[in-house]
Amino acid sequence: MTVLVDAQTRVVVQGITGHQGTVHTRQMQLFGTQVVAGVTPGKAGTEVEGVPVFDSVRDAVAKTHANASCIFVPAPFAKDALIEAVDAGILLSVVVTEHIPFHDMLVMYHYSKSKGGRIIGPNCPGIAAPGLSKVGIIPNVVFRRGRVGVISRSGTLTYEIVNGISEHGIGQSTCIGLGGDPVVGTSFVDALPMFESDPDTDLIVLVGEIGGQSEEDGAEYIRQHVTKPVVAYIAGRASPPGKRMGHAGAIISRGRGTAETKLAALSAAGAQVARFPYEIPDLVAQIVARQNRR
Amino acid sequence: MTVLVDAQTRVVVQGITGHQGTVHTRQMQLFGTQVVAGVTPGKAGTEVEGVPVFDSVRDAVAKTHANASCIFVPAPFAKDALIEAVDAGILLSVVVTEHIPFHDMLVMYHYSKSKGGRIIGPNCPGIAAPGLSKVGIIPNVVFRRGRVGVISRSGTLTYEIVNGISEHGIGQSTCIGLGGDPVVGTSFVDALPMFESDPDTDLIVLVGEIGGQSEEDGAEYIRQHVTKPVVAYIAGRASPPGKRMGHAGAIISRGRGTAETKLAALSAAGAQVARFPYEIPDLVAQIVARQNRR
Amino acid sequence: MVKLAEWRGKQLFRKYGVPLPKGHVARTADEAAALTRDGTVPLPCVVKAQVLAGGRGKGGAVKFANTPEEARAAAAAILGLEFKGEKVKELLLEQKLPIARELYLSVTLDRTLRVPILIASAQGGMEIETVDDAAIVRVPVHPFPGLAGYEKRRIAQALGLAGPAARALDPFLVALWELFVREDAELVEINPLAVVGDGLVALDAKVIIEDDASFRHPEYDEIHDDRTPLEEVAREKGIAFVQLDGNIGVIANGAGLTMATLDVLKEFGGNPGVFLDLGGTDDPKKVTEAFLLMARAKPTAVFLNIFGGVTRCDTVAKGLVEAMKEVPERERFPLVARIRGNNEKEGIEILRAAGIVSIPTLRESAQAAIAAAGGKA
Amino acid sequence: MVKLAEWRGKQLFRKYGVPLPKGHVARTADEAAALTRDGTVPLPCVVKAQVLAGGRGKGGAVKFANTPEEARAAAAAILGLEFKGEKVKELLLEQKLPIARELYLSVTLDRTLRVPILIASAQGGMEIETVDDAAIVRVPVHPFPGLAGYEKRRIAQALGLAGPAARALDPFLVALWELFVREDAELVEINPLAVVGDGLVALDAKVIIEDDASFRHPEYDEIHDDRTPLEEVAREKGIAFVQLDGNIGVIANGAGLTMATLDVLKEFGGNPGVFLDLGGTDDPKKVTEAFLLMARAKPTAVFLNIFGGVTRCDTVAKGLVEAMKEVPERERFPLVARIRGNNEKEGIEILRAAGIVSIPTLRESAQAAIAAAGGKA
């Protein structure tokens, strides 16, 4: 068992003929991902990096049995692209596109959910399981195969942290970048149980940011359900609090959403809290050393 | 196991203080149904036929653990009532109300489905499992406990047919009146598997009408999946074809939807076809006699 | 259902941004001449009878005009025509456009999939039933996200549109979808949808609004469709009433039972003339009204087939007896009853007291009704 | 995000049918006098500064007038005021109404539930954060079916409304919901929502439109909010740029890494002054632009922290070196770099050639940046 992707994952890249789509198709292939199809309306019959391009996801699925999608199409068309993937029977979609209106994402999320689908992102680096498959844009070089699960709201910071862990000689089972948008398809609470039940994961690294309360919700989940060790870091202690959502937003979060409340909640839930990104590899190494002694 | 309702079914009646709501609450009680709550906004704290009334389904569920709803509220408010039931966690709703705009029903159906709910109706007589529970308005007197399952698109015709079967000394396991509207929550295709897998049902009576193609779809399901004997009747051979949906509707049905196509499909699927309602009890009796000989 | 005349359908089209030919309604020949003279309707133009039936072109209900005088003559020729039973009272005058191709586009309900479905064909301008199945594309649309990009592309492709014409299709699709959902339509059809240069124009408009949604649409209260006068009265009273060409009146409760009753009557050689579905009433006054309505249809005999459920047999019997009193002696007709179910005994007793016999089985009562109507048809 | 001034918010309210006091915008004192004299704005009236900040009442930015001359005087007093950093250029004049009670109503996004959420309180007219939690009701609404009847009833009850006032609430709720969804709002707030007789009136309007939806809303292209001029330039160039009060400029890529960089700088006593998030660019020109923008903010030193993923280290290095050439000698500042990841070696080499040293660890590079900026704050 693995988390979300494995060697059987067959990826269709929506927006494959765009710059990002093409670049990351190549990178996914180098990672070992089975990229079986691309979709760009009007470009059927062409190829990108040896991958056949189709006019629609339906055609792509019919011809290649794709079972996961990686979406690079521009924000104004991302909702349509996701609906197309869901309607074609794709149950896992990684939405890399940034700046998707959250109203669109609300529809994407609930529609996908009603059909049994799962979205990672939007505005996310995606998923990577070293040695098996990658769906998204996390740089290949940072990974090393191993038993640490990584769940992060950040992009580049995730690369930095995974790289740091790898430089300590410790590998990862699966890494998920959830994306930093107000509405994400998969949050900490959704991802934690996958890692908790994954026999290939021994410990979990959680990387959060200020804003929202998904880290607090994740902490509550950890407190109640997670038995594996958790190392957590929250970025943004020194940043000005965001003003998004104004007063009414403040009512929803009511004294949550700051670095302090998140760190306190995670700490109370039993997570080991890193104050800086570079402390994470050390904490992970200590736990791995203890686990190896057993 | 039973079909949809049993002795554990706890009914909340939405629109209980209306004339129909009150009358049928009493009838359901006489049938043996556990009617645990009623809902009429603004009438909380009152009682109807000894049943406590609440302002909202949420309150009713919290106080009485209702797990099924029977909806009598007028058509303009029926959509809201169903959404309220679904949001309160009710997974089975019998919508008796007639004249609900089909656009409303499209929303009701897909929303309910997305939450794992099931709707019977609208514009339907509901479900009855003699000796166990009734949710709806089928007259109590027509039933007799037994092993015949009845699925019907009609109202009064169902009563007539069930009564005829009972007068032959043969009882019913469960009877479902699906409702005759263009969009129904549960169609023959949805109901047939429940009866096929119900250990308390030995044979199935299917009562259809002209229009639409749900009988043809049901016939296809019977052909592929149903092992129990089926007796079928289609009303409307002598009726003028409906003009609903005009030309475009004709394109969708394309040579289906008439009494002839329905009867032919059912017959080809192995169902015994009655030409008149009064032939059904005889056909049922013959099959029961054969089954008893085994 | 509320079928809208072409010009009303086009009013809705305009509200939702569908490109239309320049046009205007006229109710007299003078108006038609004036509209073309002052440029409200550019010439040459087409003059179309505003009737609900199809086949207007072949039926002489559509004419062309190059001058105001021709427009006047065309209008005079069409106004007052009796077209498939409908008298022409209104005309729509529209600019005649240079049409490159005629397409078909509609949205209606798919009962099986339980979603709206878009139907498109590159073969427009004819009745869609006559188009080969392979030339028609059907695109179901889920009501939650609504019309998605890939669905629009499928339709553009099916219509053979690319480039600017495909872009021109987009507002049609959005408008059709929005109109269908927001106006509670059961059908929105554009046939033909004309390719004119790089653009598209809706040449005809067929919109049917669902009856059950009429509480949300008081704007259609005034619009009648092809009901007979008695059917119209029935509708106002909430009784399902349909006139056929036979002589036996049928009163039953519930659509299924009513249809089954017709099936049995027909089987034994009877000829149903009117059917009337009481529905689930338990109001004796409504029964009386229904019965008087039946009397106005002048049946040779009436067959009453009631199974009491929600409706109680004694209620129906009481209503019936009241009604019989109001029908004048010379307008009376033989009545054969079959009442079963809830309060059956009381009902039978009330009928018996009024001299009406109730026969318990459907087969025998139907045969008795046929005999009462003068035997087989 | 696009914060709309009260009068613009009310334009949207009007479009969606929300009852408002009679009112009009004025930009001069003469206009204010004329509007009240000719009855466009009935007297007595309220004269309100159209600024985005709250607390206008206490801050002297709201005045009352009983005569056109008083309206002129009030307008003259408010126009040109500097209110919380914003200059008052526009006024909204509105009829003063007899208010019985003040309520609160808003809709925004609940990130956790992933649905819009209606928030209501019977305690309106004050900042909602100061209202006790128990006096606030939150009603999440699923975007597919939209606002349902029972949800409306919950809100009416929470607001203490019954009878005609509860019925008067209905159009407010429908309008708030429709506006929120169709106009891509992230907040729609009515505070206070005033009870006036049996009716309800929106006295204030706060509408924030989501930035990411701006491609659907060209109508807001002209509206600027509280960004500084440099932030405005950054926005046009698609660079995330925020000015703080410190002296060290931070350039990083990705929001998380940028925030982590600030955390580390602050920990070692540094004082970040500007932060600039390059995002996932791999265009050297964009790096150059970003760097020149940073130069205009006049930092004491700049700390560049890049982890190359999508962004390649050599791309950033090239863009940086180009930018340094364009900054005049006397405006230059010390630069401390840390570049890691994709094409790290090439990037380090390019920087070294331009005389910029790259320090590999975050801790040491941050400390070097603080030292370059003149030591701890």
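Turning next to the overall build of chain C. For chain C, the helix and strand inventory stands at 11 helices and 18 strands. By its C-alpha atoms, chain C is 75 × 50 × 35 Å across when sized along the principal axes. Put simply, chain C has 377 residues, and 55% of those count as buried. Sequence-distant contacts in chain C: of pairs separated by 6 or more residues, those separated by 24 or more amount to 67%. When the accessible area of chain C is evaluated, it comes to approximately 15400 Å², of which 51% is carbon and sulfur surface. The positive charge centre, built from 47 side chains, and the negative charge centre, built from 52, are 1 Å apart in chain C.

Now for the domain arrangement of chain C. What the domain assignment lists for chain C is domain 1 (22-95), domain 2 (101-218) and domain 3 (229-373). The straight-line distance from the C-alpha centre of domain 2 of chain C to that of domain 3 of chain C is 43 Å.

Once that is clear, we can look at the interface of chain D and chain A. Between chain D and chain A, the residue contacts involve 60 residues of the former and 59 residues of the latter. Contact between chain D and chain A buries roughly 4900 Å² in total, counting both sides, with carbon and sulfur atoms accounting for 60%. Ranking the residues of chain D by area buried against chain A places Arg111, Arg114 and Phe307 of chain D at the top, with a combined share of 17%. Connecting chain D to chain A are 5 salt bridges. For the side of chain D that touches chain A, the element with the highest residue contribution is helix H7 (residues 255-267) of chain D, accounting for 10 residues.

Residue and element names in this part refer to chain B. Strand order in the open sheet formed by 7 strands is E9-E8-E11-E10-E12-E13-E14, with mixed pairing between adjacent strands. One side of each edge strand has no neighbouring strand; the edge strands of this open sheet are strand E9 (133-136) and strand E14 (272-274). Strand after strand, the sheet turns through a mean of 20 degrees between neighbouring axes, direction not considered. Of the strands in this sheet, strand E10 (145-152), strand E11 (172-177), strand E12 (203-209) and strand E13 (230-235) are in contact with helix H5 (residues 156-167), which crosses E11 at around 170 degrees. The sheet strands contacting helix H6 (residues 188-196) are E10, E11 and E12, and the helix crosses E10 at an angle near 165 degrees.

Counting residues in each nonpolar core, the largest one holds 129 residues, and the members touching the most others are Phe13 and Leu169 of chain C together with Phe13 and Leu169 of chain D. Looking at which element gives the most residues to this core, the answer is helix H5 (residues 163-182) of chain D, with 10 residues. Beyond its immediate chain neighbours, meaning those up to four positions away, phenylalanine 13 of chain C contacts Val18, Leu20, Leu179, Val188, Glu189, Ile190, Ala202, Asp204, Ala205 and Val207 of chain C.

So, about the packing of aromatic side chains. Under the criterion given, the structure shown has 13 aromatic pairs over all chains. Geometrically, the ring pair formed by phenylalanine 291 of chain C and phenylalanine 333 of chain C is tilted, given 5.8 Å between the ring centres and 40 degrees between the ring planes. Of the two residues, phenylalanine 291 of chain C sits in helix H8 (residues 284-296) while phenylalanine 333 of chain C sits in the loop between helix H9 (313-326) and strand E18 (335-341), which places them 42 residues apart along the sequence. Per residue, the accessibility class of phenylalanine 291 of chain C equals that of phenylalanine 333 of chain C, and both read buried. Members of the aromatic cluster, each reached through a chain of ring pairs, are Tyr111 of chain A, Tyr111 of chain B, Phe144 of chain C together with Phe144 of chain D. If you follow arginine 237 of chain A out to its NZ or CZ, it ends over the ring of phenylalanine 276 of chain A, 5.1 Å from the centre.

Take the environment of threonine 315 of chain C next. Relative to the elements of secondary structure, threonine 315 of chain C occurs in helix H9. Note: C-alpha distance between threonine 315 of chain C and alanine 337 of chain C (22 residues apart in sequence) is 14 Å.

Here we come to the sheet that holds strand E1 (residues 10-14) of chain B. Residues and elements named next belong to chain B. The mixed open sheet is built from 7 strands, whose spatial order is E3-E4-E2-E1-E5-E6-E7. At either end of the open sheet lies a strand with only one pairing partner, and these are strand E3 (47-48) and strand E7 (118-120). Strands strand E6 (92-95) and E7 of the sheet are contacted by helix H4 (residues 102-114), whose axis makes an angle of about 140 degrees with E7.

Turning our attention to the domain arrangement of chain A. All names here are of chain A. When the domains of chain A are assigned, the result is domain 1 (10-120) and domain 2 (139-293). Of note, the centres of domain 1 and domain 2, computed from C-alpha atoms alone, are 27 Å apart. For the domain 1 face of the interface with domain 2, the top three residues by lost area are Phe31, Arg118 and Ile120, together amounting to 45%. The tally of links from domain 1 across to domain 2 stands at 0 salt bridges. Taken together, domain 1 and domain 2 are joined by 3 residue pairs in polar contact (both at pLDDT 80 or more). Those elements giving two or more residues to the side of domain 1 that touches domain 2 turn out to be helix H1 (19-31), helix H4 (102-114) and strand E7 (118-120). Top element by residues in the side of domain 1 that touches domain 2 is H4. It accounts for 4 residues. Within the side of domain 1 that touches domain 2, the residues separate by chemical class into 9 nonpolar, 1 polar and 1 charged.

All names here are of chain D. Looking at where alanine 301 falls in the secondary structure, it is placed in strand E17 (residues 301-308). Residue alanine 301 is classed as buried on the basis of its relative accessible area, which comes to 0%. Setting aside its immediate chain neighbours within four residues, alanine 301 contacts Asn247, Ile248, Gly249, Phe333, Pro334, Ala369, Ala372 and Ala373.

The subject of this paragraph is the interface of chain D and chain B. Counting from both sides, the interface comprises 11 residues of chain D and, opposite them, 12 residues of chain B. By the criterion of area lost to chain B, the three top residues of chain D are Phe144, Pro145 and Tyr150 of chain D, representing 53% of everything that side buries. If you look at where chain D meets chain B, you find 1 salt bridge. Where chain D packs against chain B, one counts 3 residue pairs in polar contact (both at pLDDT 80 or more). Looking at the side of chain D that touches chain B, its residues break down into 5 nonpolar, 3 polar and 3 charged.

On to the confidence of the model for chain C, then. Of the residues in chain C, 98% reach a pLDDT of 70 or more, and the chain-wide mean stands at 91. ipTM for the predicted complex: 0.93, alongside a pTM of 0.94.

This part takes up helix H6 (residues 188-196) of chain A. Residue and element names in this part refer to chain A. In terms of residue burial, H6 counts as a mostly covered element, since 7 of its 9 residues are buried. Along H6, the residues that are buried comprise Phe188, Asp190, Ala191, Leu192, Met194, Phe195 and Glu196. Buried residues along H6 sit against E7, strand E10 (145-152), strand E11 (172-177), strand E12 (203-209) and helix H7 (214-225).

In this model, glycine 121 of chain B is joined to proline 122 of chain B through a cis peptide bond whose omega is 10 degrees. Residue position: proline 122 of chain B is located in the loop between E7 and strand E8 (126-129). With an omega of -5 degrees, the peptide bond running from leucine 43 of chain D to proline 44 of chain D counts as cis. Among the structural elements, proline 44 of chain D can be located in the loop between helix H2 (29-37) and strand E3 (45-49). Here lysine 298 of chain C, not a glycine, exhibits a phi torsion of approximately 50 degrees, which is positive. Looking at lysine 298 of chain C, the relative accessible area reads 63%, which means it is exposed.

What follows deals with the pairing of strand E16 (residues 272-277) of chain D. All names here are of chain D. Counted residue by residue, E16 has 6 buried out of 6 residues, so it is predominantly covered. Where strand E15 (residues 248-252) lies against E16, 5 bridges are found, and the strand directions are parallel. Bridge assignment links glycine 249 to a residue of E16, and that residue is valine 274. Note on the crossover from E15 through H7 to E16: the handedness is right-handed.

Conventions adopted
Residues numbered from 1 in each chain as written. Chains lettered and ligands numbered in written order. Predicted model: local features only at pLDDT ≥ 70, side-chain atom pairs only at ≥ 80, totals over all residues. Heavy atoms only, no water. Helix = DSSP H or I, 4+ residues; strand = E, 2+ residues; numbered from the N terminus. Buried < 20%, exposed > 50% of the residue type's maximum accessible area, 1.4 Å probe, protein only. Contact = heavy atoms within 4.5 Å. Areas by Shrake-Rupley, 256 points an atom, 1.4 Å probe, with all protein chains shown as cover. Lys, Arg positive; Asp, Glu negative; His and termini not counted. Charge placed at Lys NZ, Arg CZ, Asp CG, Glu CD. Domains from an automatic or database assignment. Buried area = accessible area lost by both parts, 1.4 Å probe. Salt bridge = Lys/Arg side-chain N within 4 Å of Asp/Glu carboxyl O. Pairing = 2+ DSSP bridges. Axes fitted to C-alpha atoms, helices over the stretch in contact; angles between N-to-C directions. Core = buried A, V, L, I, M, F, W, Y, C linked by side-chain atoms within 4.5 Å. Phe/Tyr/Trp six-rings, centres within 6.5 Å; stacked < 30°, edge-to-face > 60°. Lys NZ or Arg CZ within 6 Å of the ring centre and 35° of its normal. Polar contact = N/O pair within 3.5 Å; in protein donor to acceptor, adjacent residues only side chain to side chain. Nonpolar A, V, L, I, M, F, W, Y, C, P; charged D, E, K, R; others polar. pLDDT = per-residue confidence, 0-100. Right-handed = clockwise from strand over helix to strand, strands pointing away.

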